[in-house]
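The primary structure of each chain is shown beneath.
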Amino acid sequence: MCVCSRTKMVFFLMFIEIKASPAHSTAALIVDEPEETDPWDLPELKDAGVPWSALDTKGKVLRVLISVGKLILLLGFLYMFVCSLDILSSAFQLVGGKTAGDIFQDNEILSNPLAGLVIGVLVTLLVQSSSTSSSIVVSMVSSGLLTVQVAVPIIMGTNIGTSVTNTLVAMTQAGERNTFRRAFAGATVHDFFNWLSVLVLLPLEVASGYLFVVTKLITDSFEIQSGEAPDLLNVITDPLTESIIELDESVISGIATDDPEAKNKSLIKRWCQTFTNTTLMNVTVPGPENCTSPSLCWVDGNYTFTLKNVSQTYNIKKCTHLFVDVNLSDMAVGLILLALSLFVLCSCLILIVKLLNSMLKGQVAVAIKKVLNTNFPFPFGWVTGYIAILVGAGMTFIVQSSSVFTSAITPLVGIGVISIERAYPLCLGSNIGTTTTAILAAMASPGETLADALQIALVHFLFNISGIILWYPIPFTRVPIRLAKGLGSITGKYRWFAVVYIICCFFVLPLLIFGLSLAGWKVLVGVGAPLLIMLIIIIVINILQKRKPGWLPEVLRSWDFLPLWAHSLAPCDKAVGVLIAKCCCCCKCCQAASDDQEDRAEQLENNKTTHTAVYDNHAMSVENEAEDGMKIELNILKMTTL
């Protein structure tokens, strides 16, 4: 009986323990189970400050004053950011403007569509302004040096070249991986849209002349009156930028149109107000055939005279910018402005990001995220993206620069205020906004050149509209978002790859295409076709590996059969890491060597004073020599560890 009672007691205690334990173990399992999170989800910007309700009157007033001060600083930094972009564009024009004009002058090269495309990219990279490069094209078409059909690929190239600015802006956020991943993806979604649009529309234009024919029908169908392009943001920024530098835009266009006087002119504007007087004067000409008309021609001995309108320009008012009286070349001034504008640009961008991080917290961040990223309720959710396109177009029309607008939203994508899915339609809208400014500028052209100038501007507009139709309406076709996220993930893991992407995408690839196109169609097809086929095969295999691996042979279900360097960036990352470590080590060694030299100089001075002071004290000098020997040994040990 005693054994039975003890056994019952043991079972009863075990039952209680089992009864109590399941809840604890189940909770532990639930807590320990890792949750799968999307790396592209927007981060929560938590408010670490004291809640508003917990503040007293003095604290509330102080917080309001601090918030107003931050807002004023933010607007000031934005103003400086926009002005620095304007100065950066002027600096690039000073450095490469005349080169751009010389490039545009070679008509034989421009007649090749691929060469024209690459020249549009490179010239826009040189002058950092699609409006400047497109205005050069418009002036060449107006003067008869280029036809509209030849100019179409160049306009496509300017669309690509202008997207490098926000990609460079994203590089300033490389300090934190997740922020850099989002910012770089938000910047390169613009690049991928432009490249994919060119990949489809350039062959279509060469085969059918689609853009030329449609824009020709538009310009012929409507009676368009000339007007003037409005100055919106320039009214605010021009007082600062024009106090630093003013450029004579007609010089680049003059070089492109083969004006001999323009080649010897400086791009820096010296005289802001001039007066041109045209008078009818007697001039000598080589012979009667050079007279303006037979009735206005007479001969006096060995000289032939005629009447001609002679224009003479008088300088009235000198410009007041900083470089008006500086005796430096355009290249030197351009390099100075380039360094200063890049410094101000990066500084303003870093400060803007810091201010936004401090301001967009708590309820403010939640409200802004809801406004920017929330879709309309069903069934009108699809309308949200098109409204974002209109907002992007309107904002770009106000600031009159797609580079400024896309560069401004790039840090917002990085800190997680705007999603990439929302940044994509905003970038598409900025492409449209910059073309509307070009259309208004073309409408300010003289009557005889209005049709051609307007047709070129409409080509730019129709190109972007066609790209939106290709890559936006159906969610499946929004390939640029997926490509940008893939590239963002790579650059987030291997940050050095962002530099490789910029160099290859905007310099190496265009120059390679340019060189092959100059060699002729046979060389271009012979080299380009195998590379293109190989790229398509690799893309198809990658898609099948992820979605339908059973359709592939067992060998092709992964790339493990290739060497590691052929399918992974890890070996390159190790090499880059070793290279950076060696550079840092060299810097440390140089610093250690300089410190060692300074220490030796100090030791020599100390030895001199010591030997002078204790000349007769032999024991003291022996101790000092021993200390000097120990210091030398310690320095040797330091160098060895380095």
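Residues numbered from 1 in each chain as written. Predicted model: local features only at pLDDT ≥ 70, side-chain atom pairs only at ≥ 80, totals over all residues. Heavy atoms only, no water.

### Topic: the packing of helix α6 (residues 148-161) against helix α8 (residues 177-208)
- Viewed as axis vectors pointing N to C, α6 and α8 meet at an angle of 175 degrees, and their least axial separation amounts to 10 Å. Our classification of the angle between α6 and α8 gives roughly antiparallel. Two secondary-structure elements touch here, α6 through Val152, Pro153, Met156, Asn159 and Ile160 and α8 through Asn194, Trp195, Val198, Leu201, Leu202 and Glu205.
- Residues of the contact of α6 with α8, tallied by class, amount to eight nonpolar, two polar and one charged. (Axes fitted to C-alpha atoms, helices over the stretch in contact; angles between N-to-C directions. Helix = DSSP H or I, 4+ residues; strand = E, 2+ residues; numbered from the N terminus. Parallel < 35°, antiparallel > 145°, perpendicular 65-115°, else oblique. Contact = heavy atoms within 4.5 Å. Nonpolar A, V, L, I, M, F, W, Y, C, P; charged D, E, K, R; others polar.)

### Here's the deal with helix α15 (residues 402-415)
- Taking 1.5 Å per residue as the helical rise, α15 with its 14 residues ought to reach 20 Å, and the 21 Å between its terminal C-alpha atoms agrees with that figure.
- Across the 14 residues that make up α15, a large majority, 13, are buried.
- Gly416, located one to two residues past α15, shows a positive phi value of around 95 degrees. (Expected span 1.5 Å × (residues − 1). Buried < 20%, exposed > 50% of the residue type's maximum accessible area, 1.4 Å probe, protein only.)

### Examining the pattern of salt bridges
- Inspection of the entire model under this criterion finds two salt bridges.
- A salt bridge links Lys318 to Asp325, with the nearest nitrogen and oxygen atoms 2.7 Å apart. (Salt bridge = Lys/Arg side-chain N within 4 Å of Asp/Glu carboxyl O.)

### Remarks on the packing of α8 against α15
- Where α8 contacts α15, the two axes come as close as 7 Å, and the packing angle between them is 145 degrees. Our pair here, α8 against α15, has a crossing hand that is right-handed. Across the interface between the two elements, Thr179, Arg182, Ala183, Gly186, Ala187 and His190 from α8 touch Thr406, Thr410, Val413, Gly414 and Ile415 from α15.
- Counted by class, the contact of α8 with α15 contains four nonpolar, six polar and one charged residues. (Left-handed = near helix turned anticlockwise from the far one by under 90°.)

### As for empty space enclosed by the protein
- If you walk through the whole model with that rule in mind, you get two cavities of 30 Å³ or more.
- There is about 30 Å³ of room inside the second largest cavity.
- Broken down by secondary-structure element, the contributors of at least two residues to the lining of the second largest cavity are α4 (113-127) and α19 (497-519).
- If you tally residues by element for the lining of the second largest cavity, the top one is α4, at three residues. (1 Å grid on protein atoms, 1.4 Å probe; cavity = no way out; pocket = protein on both sides within 12 Å on 5 of 7 lines; lining within 4 Å. Points joined across faces, edges and corners; volume = space filled by probe spheres on them.)

### Overview of the UniProt feature "transmembrane region" (unreviewed entry) in the chain
- Under the present numbering, the feature "transmembrane region" (unreviewed entry) in UniProt falls on residues 61-88, 150-171, 192-213, 331-356, 376-399, 453-474, 494-517 and 523-544.
- Across residues 376-399 one finds 71% helix and 0% strand; the C-alpha atoms that close the span lie 27 Å apart.
- Across residues 494-517, helical content stands at 88% and strand content at 0%; the span's end C-alpha atoms are separated by 33 Å. (UniProt positions renumbered as here; feature names shortened; annotations may be inferred.)

### So, the packing of aromatic side chains
- Throughout the structure, instances matching the rule amount to ten aromatic pairs.
- With a centroid separation of 6.5 Å and an interplanar angle of 40 degrees, the aromatic rings of Phe192 and Tyr501 are classed as tilted. Of this pair, Phe192 sits in helix α8 while Tyr501 sits in helix α19, placing them 309 residues apart in sequence.
- According to the relative accessible area criterion, Tyr501 is buried, its value standing at 10%.
- Ring geometry for Tyr494 against Trp496: centres 6.2 Å apart, planes inclined by 50 degrees, an arrangement best described as tilted.
- Directly above the ring of Trp271 sits Lys318, whose terminal nitrogen or CZ lies 5.8 Å from the centroid.
- Lying across the ring of Phe476, Arg482 places its NZ or CZ 5.8 Å from the centre. (Phe/Tyr/Trp six-rings, centres within 6.5 Å; stacked < 30°, edge-to-face > 60°. Lys NZ or Arg CZ within 6 Å of the ring centre and 35° of its normal.)

### A closer look at the side chain of Thr237
- With respect to the helices, strands and loops of the structure, Thr237 is situated in helix α10 (residues 234-244).
- Judged by relative accessible area, which is 4%, Thr237 ranks as buried.
- Other than its neighbours up to four places away in sequence, Thr237 contacts Tyr79, Val82 and Cys83.

### A few points about the state of the cysteines
- Enumeration according to the criterion identifies zero disulfides in this entry.
- Free of any disulfide, Cys83 has its nearest neighbouring cysteine sulfur in Cys348, separated by 9.1 Å.
- Exposure remark for Cys83: the relative accessible area of 3% places this residue in the buried category. (Disulfide = S-S within 2.5 Å.)

### Details of a nonpolar patch on the surface
- Taken together, the side chains of Phe376, Phe380, Trp382, Tyr386, Ile387, Val391, Met395 and Ile398 make up a nonpolar region of the molecular surface, amounting to roughly 780 Å² of accessible area.
- Within the element layout of this structure, Val391 appears in helix α14 (residues 383-399). (Patch = residues over 30% accessible without salt bridge, like charges linked within 9 Å, V, L, I, M, F, W, Y side chains within 5 Å. Areas by Shrake-Rupley, 256 points an atom, 1.4 Å probe, with all protein chains shown as cover.)

### Overview of the sheet that holds strand β3 (residues 303-318)
- An order of β1-β3-β2 is seen for the three strands of this open sheet, with the pairing classed as antiparallel. Two strands lie at the open edges of the sheet, namely β1 (271-285) and β2 (297-300), each paired on one side alone. Here the average twist between neighbouring strands, direction ignored, is 40 degrees.
- The pairing of β2 with β3 spans four bridges and is antiparallel. When the bridges of β3 are listed, Val299 appears paired with Thr304. (Pairing = 2+ DSSP bridges.)

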